[in-house]
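# Survey of secondary and tertiary structure
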Amino acid sequence: MLALDPQALERRSLARNEVLFRQGDKVTAIYFIEAGRLRLERRTFDGRLLVLGTTAAGEFFVEAALFSDIYHCDAVATEPSQLRVYPKAVVLNALRADSTSAMSFLALMAHQVMGLRQRLELMKVRSAKERVMLYLDLNAGPDGRTVNLRSQLQDVASELGLTREVLYRTLAGLERAGAIERAGASILIKKSLDV
């Protein structure tokens with residue numbers, strides 16, 4: 001994405017549940033996750049934890065923060081993680097100077113907007129069964145049937161606006177009905193249901 005020498009960039013290691021930054025902290029960098037997974041979360045006014053999303057290894061993290069003064073949520077490692085730190089000023093200068101990097105960054109941002117629209121669509125579905133099936137359909141791989149979960153089930157539940165228990169019961173019900181087959185972090189969509 002950026003014409004920067006990755007070897008010249010600072011690296012950071014995080015332990016499981018270690019906080020990278022907190023809501024309200026000044027934005028100093030964006031990150032590339034080399035190993036592990038990070039979660040964006042925020043506490044609601046009544047103290048509930050709201051998971052805004054997770055990002056896995058091989059992806060950039062919090063790119064939109066380049067255009068903000070402060071982070072708008074907390075970032076927490078869900079497992080031991082290794083990050084490459086891209087300083088905000090360096091990235092913005094590279095985007096100004098290199099149109100190829102700028103176009104690549106715009107494509108990344110457009111992809112994220114599409115993902116957010118899909119999440120909004122999911123949240124409008126009232127039935128847990130329908131919401132889970134739509135999530136699986138939207139996240140199926142090239143074969144249109146296999147979903148490799150990139151997040152822990154509790155994070156998927158939060159992203160879907162469901163409790164962990166409701167997600168587990170819904171998946172079990174879909175499996176009993178023959179709609180899906182689960183094997184570890186993979187789910188095979190076997191048939192659509194009249195849910």
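Quantities reported herein were computed from a predicted structural model and do not represent experimental measurements. Within every chain, residues take consecutive numbers counted from 1 along the sequence as written. Where local features are concerned, this predicted model is filtered to residues with pLDDT of at least 70; where side-chain atom pairs are given and counted, the filter is 80 or more; whole-chain, interface and lining totals use all residues. To get the side-chain values, all heavy atoms of the structure are used, and hydrogens and water are removed first.

### Quick look at the sheet that holds strand β10 (residues 180–183)
Stated precisely, the cut-off is as follows: If DSSP finds at least two bridges between two strands, the strands pair. Only DSSP runs of H or I reaching four residues or more are called helices, and only runs of E reaching two or more are called strands; each is numbered from the N terminus. Throughout, an axis means a line fitted to C-alpha atoms (over the contacting stretch in the case of helices), and angles, computed between N-to-C directions, take values from 0 to 180 degrees.
Within the open sheet, the 3 strands sit side by side as β9-β11-β10. Their pairing is antiparallel. Looking along the sheet, the strands with just one partner apiece sit at the ends: β9 (146–148) and β10. Taken over all neighbouring pairs, the strand axes of this sheet differ in orientation by 20° on average, direction set aside. Summarising the sheet, β9 and strand β11 (residues 186–189) pair through 3 bridges and their orientation is antiparallel. The residue bridging Val147 from the neighbouring strand is Ile187, located in β11.

### Some words on the pattern of salt bridges
Stated precisely, the cut-off is as follows: When a carboxyl oxygen of Asp or Glu lies within 4 Å of a side-chain nitrogen of Lys or Arg, that pair is called a salt bridge. A simple rule labels every residue: compare its accessible area, found with a 1.4 Å probe on the protein chains alone, to the largest value its type can have, and call it buried under 20%, exposed over 50%, or partly exposed in between.
Tallied over the full model, the rule gives 8 salt bridges. Between Arg22 and Asp74 there is a salt bridge, with its nearest N and O atoms 3.3 Å apart. Here the residue Arg22 occupies a position in the loop between β2 (19–21) and β3 (29–35), and Asp74 occupies one in strand β7 (residues 74–77), the gap between them amounting to 52 residues. Exposure remark for Arg22: the relative accessible area of 43% places this residue in the partly exposed category. Its salt-bridge partner being Arg84, residue Glu34 comes within 2.8 Å of it at the nearest N-O pair.

### What to know about helix α4 (residues 153–160)
The line we're drawing: We call two residues contacting when some pair of their heavy atoms lies within 4.5 Å.
Within α4, 7 of the 8 residues are buried, leaving the element largely enclosed by the surrounding structure. Along α4, the residues classified as buried are Leu153, Asp155, Val156, Ala157, Ser158, Glu159 and Leu160. Where α4 is buried, its residues touch β4 (37–43), β5 (49–56), α2 (99–123), α3 (128–138), α5 (164–176) and β10.

### Describing the nonpolar core
Selection criterion: We define a nonpolar core as any set of buried Ala, Val, Leu, Ile, Met, Phe, Trp, Tyr and Cys residues linked to one another through side-chain atoms lying within 4.5 Å.
Membership of the largest hydrophobic core comes to 21 residues, with the highest contact counts inside it found for Val132, Leu136, Leu160, Leu167 and Ile180. Sorting elements by how many residues they give to this core places α3 first, with 5 residues. Sequence-distant contacts of Leu167, defined by excluding residues within four places in its chain, comprise Val132, Leu153, Val156, Ala157 and Leu160. With 18 residues, the next largest nonpolar core counts Ile33, Phe61, Ala65 and Tyr71 among its residues.

### Looking at unusual backbone geometry
Unlike most non-glycine residues, Asn17 shows phi in positive territory, near 70°. Here Asn17 is to be found in the loop between β1 (11–14) and β2.

### Here's the deal with the pairing of β4
Of all 7 residues making up β4, 5 are buried, and the element is well covered by its neighbours. Following β4, the chain reverses through 5 residues before pairing antiparallel with β5; Gly47 in that reversal takes a positive phi of roughly 90°.

### Topic: empty space enclosed by the protein
Once rolled over the atoms, a probe with the size of a water molecule shows which space is left empty. Going by this rule: In this analysis, the protein atoms alone were mapped onto a 1 Å grid. Cavities are point sets where a 1.4 Å probe fits without being able to get out; pockets are open sets with protein on both sides within 12 Å along at least five of seven lines; lining residues have an atom within 4 Å of a point. Grid points are joined across faces, edges and corners, and a volume is the space filled by probe spheres set on the points.
Taken as a whole and assessed by the stated rule, the structure comprises 1 cavity of 30 Å³ or more. In this model, the largest cavity occupies a volume close to 50 Å³. Listing elements by their share of the lining of the largest cavity, those giving two or more residues are α3, α4 and α5.

### Regarding the packing of aromatic side chains
For clarity, the cut-off: Between rings of Phe, Tyr and Trp, where Trp is taken as its six-membered ring, a pair exists when centres lie within 6.5 Å; planes separated by under 30 degrees are stacked, by over 60 edge-to-face, and by other angles tilted.
Here the structure, examined in full by the defined rule, presents 6 aromatic pairs. Their ring planes at 20° and their centres at 6.4 Å tell us that Phe21 and Tyr31 sit as a pair that is stacked. In this pair, Phe21 is assigned in strand β2 and Tyr31 in strand β3, connecting sequence segments 10 residues apart. On the basis of relative accessibility, which here comes to 4%, the residue Phe21 falls in the buried class. Aromatic side chains Phe21 and Phe61 sit 6.5 Å apart centroid to centroid with 35° between the ring planes, which places their arrangement in the tilted category. You can see Phe21 sitting in strand β2 and its partner Phe61 sitting in strand β6 (residues 59–61), a full 40 residues away along the chain.

### So, the sheet that holds β5
Read from one edge to the other, the open sheet built from 4 strands follows the order β2-β7-β4-β5, with strand pairing classed as antiparallel. Every other strand in the sheet has two partners, leaving β2 and β5 as the edge strands with one partner each. Across the sheet, the mean angle separating the axes of adjacent strands is 30° when strand polarity is ignored. As defined by bridge partners, β4 adjoins β5 across 7 bridges and the pair is classed as antiparallel.

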